[in-house]
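Breakdown of the fold
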Amino acid sequence: MPGQEQQRPSRREEEVEETPVVPAQASAETTETDADVDALLDEIDEVLESNSEEFVRGFVQKGGQ
Amino acid sequence: MTVRRVTGLETEYGISVPGDPGANPMLLSAQVVNAYAAPTSGARPRWDYEDEAPLRDARGFELERAKAHPSQLTDAPGRRGGGRRAAPNASDVATAETEDPTMANVILTNGARFYVDHAHPEYSSPEVLTPRDAVRWDKAGELILLEALRRVAATPGLTPVTIYKNNTDGKGASYGTHENYLMDRATPFGDVVRHLVPFFVSRQVFTGAGRVGIGQDSARAGFQLSQRADFFEVEVGLETTMKRPIINTRDEPHATADRYRRLHVIVGDATMCEVATLLKVGTTSLVLAMLEAGALAGGPAGDLTPAEPVRALHEVSHDPGLTQLVRLRDGRRMTALQMQRAYLEAARAFVEDRLGADADADTLEVLQRWESVLTKLETDVFSAARQVDWVAKLRLLEGYRSRDGLAWDSARLQAVDLQWSDVRPEKGLYLKLAERGQVELLLDPASVRRAVEHPPEDTRAYFRGECLARYGPRVAAASWDSVIFDVAGRGALQRVPTLEPLRGTREHVGALLDRCATAEDLVAALTGG
């Protein structure tokens with residue numbers, strides 16, 4: 001395991017319990033779409049179930065194959 | 001040599017009633033299937049179980065029924081453990097369907113089966129021959145579930161439901177999306193295991209649908225690549241509902257059994273992105289072609305078996321940074337991306353060697369897109385957000401995290417995860433992205449809508465679908481490998497076996513069907529008078 005951690009961004013070691021590595025380095029392509037993401041989030045806010053907790057708690061499935 | 005291969009995708013959809021988590025999922029699922037079937041209702045063709053043998057094992061033995069868990073007995077709905085044989089008598093069938101909601105089971109004119117499996121509505125696509133068609137008829141399934149949901153909502157007295165193309169509730173339950181590939185029975189099963197385990201462990205980098213929560217019941221907060229990975233506990237086995245294996249040995253070819261094996265892949269996620277689904281099917285099909293030709297041994301992907309396959313599957317899924325090293329049995333350590341590069345390199349050399357300039361467009365497309373998506377993931381993961389579900393989903397989640405300062409255990413992030421695969425365009429987040437042009441689409445939407453009603457033309461699904469469309473009221477039953485007619489003037493039902501998946505194509509039977517105005521004409525033509 002120590003051998004593996006050297007290869008990871010150091011941020012991961014501090015936050016490993018809570019946060020997965022978020023792939024680093026925004027490229028030009030990614031940066032351009034950040035504004036899109038903000039606009040998209042605004043739109044998603046409109047359709048996202050308003051009571052997230054109740055919605056998530058209520059989604060209970062039986063196992064399948 | 002190519003990506004052309006008889007393939008089918010099955011998806012068990014998640015189903016829910018807002019505000020009523022205790023609603024009976026079997027009844028809800030039956031309601032969905034029956035609502036879709038309703039307009040053509042009356043004497044509905046039933047499923048023909050004659051040739052189903054779900055307990056047959058690719059390792060060469062047949063499980064005794066007494067040793068099987070009831071959920072494994074897929075050939076005997078409503079009579080678990082009874083080993084039901086098809087009763088060629090239409091009135092028996094009508095009785096069974098009204099008695100037992102789990103019998104809700106429709107065969108569609110596009111050649112698909114739409115039914116209740118366990119506690120989910122399941123769409124099993126018709127047999128297709130190319131990865132693009134696999135995507136097309138899989139997408140048609142989403143439209144069918146959407147239409148079924150709308151019909152339920154519009155019918156007074158029925159309970160409105162929501163439907164999701166995902167694989168877990170995040171609370172410990174998982175339900176499957178299975179790929180089925182017809183393959184040469186002569187290929188030793190040991191080779192299948194040796195070469196496919198490392199492939200399945202590593203392909204998650206582009207087949208993962210993304211999931212908020214780590215562990216079967218999301219005990220740890222975080223994000224992972226795959227919906228399904230945490231539910232796999234063994235390397236090889238027959239089960240599909242518990243102790244799930246990376247390589248499933250169910251060997252029920254629905255075809256001439258001494259020539260073919262049906263490879264039943266249960267380890268994949270349900271994907272919304274067309275490119276991801278194309279790659280899932282196309283790359284797997286190429287690896288199978290190499291396996292059948294014995295072309296993997298000695299090459300770059302000749303021996304990538306992980307030292308601990310199940311652990312490797314989980315570790316790769318838990319690492320969105322894509323830097324996790326998988327320890328191989330021979331001591332090497334590789335990332336999942338490096339393992340995929342090795343398979344891609346082998347596949348390129350294989351296609352070049354066997355086909356050269358004659359390689360077909362479908363095969364070249366898969367090679368090109370495979371290379372492209374690996375390069376994106378290697379350079380900047382988020383640059384694959386137009387092609388790969390987990391990346392697109394993570395992009396949204398990270399947007400919420402940074403805008404609203406949310407931690408990974410936030411219900412809002414879990415809601416985003418669930419709503420990603422809602423089949424309703426007004427609610428589904430993937431569908432919102434598609435509408436905004438933020439995912440790459442491969443197919444003409446009109447061709448997907450057409451695939452809701454019409455079968456592929458280059459497999460036996462054409463015969464099945466066209467028989468239902470043309471002679472529906474005279475089709476008593478059908479299955480993957482049969483169509484059974486109840487025609488005037490014949491005492492017994494007439495069963496037409498379709499054991500050869502590449503017969504019954506439009507080229508093969510199109511003219512015959514055009515000549516036969518009625519089912520009676522067709523049966524007469526097939527029986528020589």
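The structure displayed is predicted, hence computed values, not measured ones.

What counts and how
- Residues numbered from 1 in each chain as written.
- Chains lettered and ligands numbered in written order.
- Predicted model: local features only at pLDDT ≥ 70, side-chain atom pairs only at ≥ 80, totals over all residues.
- Helix = DSSP H or I, 4+ residues; strand = E, 2+ residues; numbered from the N terminus.
- Buried ≥ 20, exposed ≤ 12 C-beta atoms within 10 Å, placed from the backbone.
- Contact = placed C-beta atoms within 7 Å.
- Core = buried A, V, L, I, M, F, W, Y, C linked by C-beta atoms within 7 Å.
- Domains from an automatic or database assignment.
- Nonpolar A, V, L, I, M, F, W, Y, C, P; charged D, E, K, R; others polar.
- Expected span 1.5 Å × (residues − 1).
- Axes fitted to C-alpha atoms, helices over the stretch in contact; angles between N-to-C directions.
- Parallel < 35°, antiparallel > 145°, perpendicular 65-115°, else oblique.
- Pairing = 2+ DSSP bridges.
- Left-handed = near helix turned anticlockwise from the far one by under 90°.
- pLDDT = per-residue confidence, 0-100.

Time to look at the overall build of chain A. Each helix and strand counted, chain A has 4 helices and 0 strands in total. Along its sequence from the N terminus, chain A presents helices and strands in the succession α-α-α-α. Here chain A holds 65 residues, and 17% of them are scored as buried.

Right, let's get into the overall build of chain B. The number of helices and strands found in chain B is 15 helices and 18 strands. Partitioning the intrachain contacts of chain B with sequence separation of at least 6 by distance along the chain shows that 69% fall at a separation of at least 24.

Next up on the list: the nonpolar core. Residue and element names in this part refer to chain B. Val 32, Val 33, Phe 114, Met 290, Val 388 and Val 391 are the most contacted members of the largest nonpolar core, which has 143 residues in total. Broken down by element, this core gets its largest block of residues, 11 residues, from helix H5 (residues 274-292). The residue makeup of this core includes at least three contributed by each of domain 1 (172-420) and domain 2 (457-463 + 471-526). Beyond its immediate chain neighbours, meaning those up to four positions away, Val 33 contacts Ala 104, Val 106, Phe 114, Tyr 115, Val 116 and Pro 121.

This next bit is on unusual backbone geometry. Here the phi dihedral of Lys243(B) falls at roughly 35°; this positive angle occurs in a residue that is not glycine. Here Lys243(B) shows up in the loop between strand E11 (232-237) and strand E12 (244-248).

In this section: the domain arrangement of chain B. All names here are of chain B. Each assigned domain of chain B is listed here: domain 1 (172-420) and domain 2 (457-463 + 471-526). On a C-alpha basis, the centroid separation for the pair domain 1 and domain 2 is 37 Å. Across the boundary between the two partners, domain 1 contributes 4 residues, which contact 5 residues of domain 2. Here the residues of the side of domain 1 that touches domain 2 sort into 2 nonpolar, 2 polar and no charged.

Moving on to H5(B). All names here are of chain B. Helix length check: H5 (19 residues) gives 27 Å between terminal C-alpha atoms against 27 Å at 1.5 Å per residue, within 8%. Summarising burial for H5: 18 of the 19 residues are buried, a large majority. Phi turns positive one or two residues past the end of H5, at Gly 294, with a value near 65°.

On to the interface of chain A and chain B, then. On the chain B side, the residues contacting the 36 residues of chain A number 54 residues. Of all the secondary-structure elements, those providing two or more residues to the side of chain A that touches chain B are helix H3 (28-47) and helix H4 (52-58) of chain A. If one sorts the elements of the side of chain A that touches chain B by residue count, H3(A) sits on top with 9 residues. Taken together, the residues of the side of chain A that touches chain B break down into 15 nonpolar, 12 polar and 9 charged.

Bringing the packing of helix H1 (residues 25-37) of chain B against helix H3 (residues 131-154) of chain B into the picture now. Residue and element names in this part refer to chain B. At their nearest, the axes of H1 and H3 sit 8 Å apart, and the two run at 95° to each other. If you check the angle between H1 and H3, you find them roughly perpendicular. Contacts between H1 and H3 involve Gln 31, Val 32, Ala 35 and Tyr 36 from the former and Ile 144, Glu 147, Ala 148, Leu 149, Arg 151 and Val 152 from the latter. Of the residues belonging to the contact of H1 with H3, the class tally is 7 nonpolar, 1 polar and 2 charged.

What follows is about the sheet that holds strand E4 (residues 105-107) of chain B. All names here are of chain B. Read from one edge to the other, the open sheet built from 6 strands follows the order E4-E5-E6-E1-E8-E13, with strand pairing classed as antiparallel. If you trace the sheet from one side to the other, it starts and ends with E4 and strand E13 (260-265), each paired once. Averaged over all adjacent pairs, the angle separating strand axes in this sheet is 20°, with direction ignored. Bridge count for strand E5 (residues 113-117) against strand E6 (residues 120-124) is 5 bridges, and the pairing is antiparallel. Bridge pairing links Asp 117 to His 120 in E6. Each of strand E1 (7-12), strand E8 (177-184) and E13 is contacted by H5, which is oriented at about 30° to E8, the strand it contacts most.

Residues and elements named next belong to chain B. One can find Ala 524 in helix H15 (residues 519-526). Look at Ala 524 and you get partly exposed, because 16 C-beta atoms sit within 10 Å. As a C-alpha pair, Ala 524 and Val 487 span 37 residues in sequence and 10.0 Å in three-dimensional space.

Residues and elements named next belong to chain B. Strand order in the open sheet formed by 4 strands is E3-E16-E17-E18, with mixed pairing between adjacent strands. Of all strands in the sheet, those bounded by a partner on one side alone are strand E3 (46-47) and strand E18 (494-497). Its contacts with the sheet put helix H13 (residues 461-471) on strand E16 (475-479) and strand E17 (482-485), and the angle it makes with E16 is roughly 160°.

Right, let's get into the environment of Lys376(B). One can find Lys376(B) in helix H8 (residues 361-379). Dropping the residues within four chain positions of it, Lys376(B) is found in contact with Ser383(B) and Ala384(B).

All names here are of chain B. It is the contact of helix H7 (residues 336-354) with H8, at a shortest axis distance of 11 Å, that shows an interaxial angle of 155°. Regarding the angle of H7 to H8, the classification is roughly antiparallel. Of the two elements, H7 crosses H8, and the hand of that crossing is left-handed. Across from Leu 337, Gln 340, Arg 341, Leu 344, Ala 347, Arg 348 and Val 351 in H7, the residues of H8 making contact are Thr 363, Leu 367, Trp 370, Glu 371, Leu 374, Leu 377 and Glu 378. Grouping the constituent residues of the contact of H7 with H8 by class yields 8 nonpolar, 2 polar and 4 charged.

Let's shift gears to the confidence of the model for chain B. Averaged over every residue, the pLDDT of chain B is 90; residues scoring 70 or more account for 89%. Under a pLDDT of 50 for its full length, residues 76-99 of chain B has, in the predicted model, 32 contacts with residues more than four places off or in other chains.

Residues and elements named next belong to chain A. Confidence in the prediction for chain A averages 65 pLDDT; 48% of positions are at 70 or higher. Throughout residues 1-21 the model reports pLDDT below 50, and contacts reaching past four residues in sequence, or to other chains, amount to 24 contacts. Note on residues 24-32: pLDDT is under 50 here. Beyond four places in sequence and across chains, it has 9 contacts.

Bringing H8(B) into the picture now. Counting along an α-helix, one turn takes 3.6 residues, and residues three or four places apart therefore face a common direction. Residue and element names in this part refer to chain B. The first and last C-alpha atoms of H8 sit 27 Å apart over 19 residues, in line with the 27 Å expected at 1.5 Å per residue. Where H8 is concerned, the buried positions are Thr 363, Val 366, Leu 367, Arg 369, Trp 370, Val 373, Leu 374, Lys 376 and Leu 377. Tucked into the core, H8 has its buried residues touching H3, helix H4 (189-207), H5 and H7.

Within the element layout of this structure, Gln204(B) appears in helix H4. Residues within four places of Gln204(B) in sequence aside, it is in contact with Leu225(B), Ser226(B), Ala229(B), Val316(B), Ser317(B) and Ala336(B).

Each regular strand displays side chains that alternate between the two surfaces of the sheet. All names here are of chain B. Of the strand pairs in this sheet, strand E9 (residues 211-214) and strand E10 (residues 220-224) are connected by 3 bridges, and their pairing is antiparallel. Residue pairing for E10: Arg 211 is matched across the bridge by Gln 224. Hairpin connection from E9 to E10: 5 residues lie between these consecutive antiparallel strands, with Gly 215 at a positive phi of about 100°.

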